[in-house]
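# Structural characterization, general
The primary structure of each chain is shown beneath.
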Amino acid sequence: VQLQASGGGLVQAGGSLRLSCVAYGRTLSLFPMGWFRQAPGKEREFVGAISWSGRGTVYADTVKGRFTISKDNARNTVYLQMNSLKPEDTGVYFCALDDVRFGTTSSASHEYDFWGQGTQVTVSS
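Throughout this document, residue positions are counted from 1 along each chain, in the order its sequence is written. Whole-chain, interface and lining totals are the exception, using all residues; otherwise, since this is a predicted model, local features are given only for residues with pLDDT of at least 70 and side-chain atom pairs are given and counted only at 80 or more. The side-chain values count all of the structure's non-hydrogen atoms but skip hydrogen atoms and water molecules.

### Things to note about the packing of aromatic side chains
Two numbers describe a pair of aromatic rings. These are the distance of the centres and the angle of the planes. Here a Phe, Tyr or Trp ring, Trp counted by its six-membered ring, pairs with any other such ring whose centre lies within 6.5 Å, and the pair is stacked when the planes are under 30 degrees apart, edge-to-face when over 60, and tilted otherwise. Scanning the model with the defined rule gives five aromatic pairs in all. Note on phenylalanine 36 and phenylalanine 46: the rings are 5.6 Å apart at their centroids and 70° apart in plane angle, and the pair reads as edge-to-face. Of this pair, phenylalanine 36 sits in strand S4 (residues 33-38) while phenylalanine 46 sits in strand S5 (residues 45-50), and the two are 10 residues apart along the sequence. An identical accessibility class is assigned to phenylalanine 36 and phenylalanine 46; each is buried. Ring centres of phenylalanine 36 and tyrosine 112 lie 5.3 Å apart, and the angle between their planes is 75°; on these two criteria the pair is classed as edge-to-face. Of this pair, phenylalanine 36 sits in strand S4 while tyrosine 112 sits in the loop between strand S9 (91-97) and strand S10 (114-115), and the two are 76 residues apart along the sequence. You can call phenylalanine 36 buried: its relative accessible area is 1%. Put simply, the rings of Phe36, Phe46, Tyr112 and Trp115 pair up and form one aromatic cluster. Counted as over-ring charges are cases with an Arg CZ or a Lys NZ within 6 Å of the ring centre that also lie within 35 degrees of the ring normal. For arginine 18, the ring lying beneath its charged end belongs to tyrosine 79, and the centroid distance is 4.1 Å. The ring of phenylalanine 94 has arginine 44 sitting right over it, with the charged end atom 4.0 Å from the ring centre. The way it works is that DSSP assigns letters per residue, a run of H or I at least four long becomes a helix, a run of E at least two long becomes a strand, and they are numbered from the N terminus. Under the scheme applied here, a residue whose accessible area is under 20% of the maximum for its type counts as buried, over 50% as exposed, and between as partly exposed, the area being computed with a 1.4 Å probe on protein chains only.

Here is the structure:
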């Protein structure tokens, strides 16, 4: 199983970015997916997750109302749309797959079995 994240970059505060995560070896319509991030010198933190069906999402309070997770089953891809970005959103963003078919969404990193390589997001003030 391989997860390939992309879409990071440098953006000014208030701007937007869309991250993508393509999965190889698993059909994303069957598995919950999560997004996490890690800022320099800090622990990895939960950003949000989407259910296997794509009909349910959950977000960290810090990004609620600004970030949106979606799935495109035809492309086997999960997206993280980030709007109204703030400097504190800076970090490496990781997508992750919970390898339990029809499993429940989780904010706990240990529930996820496969991780992408990460993509850097830098928000300047």
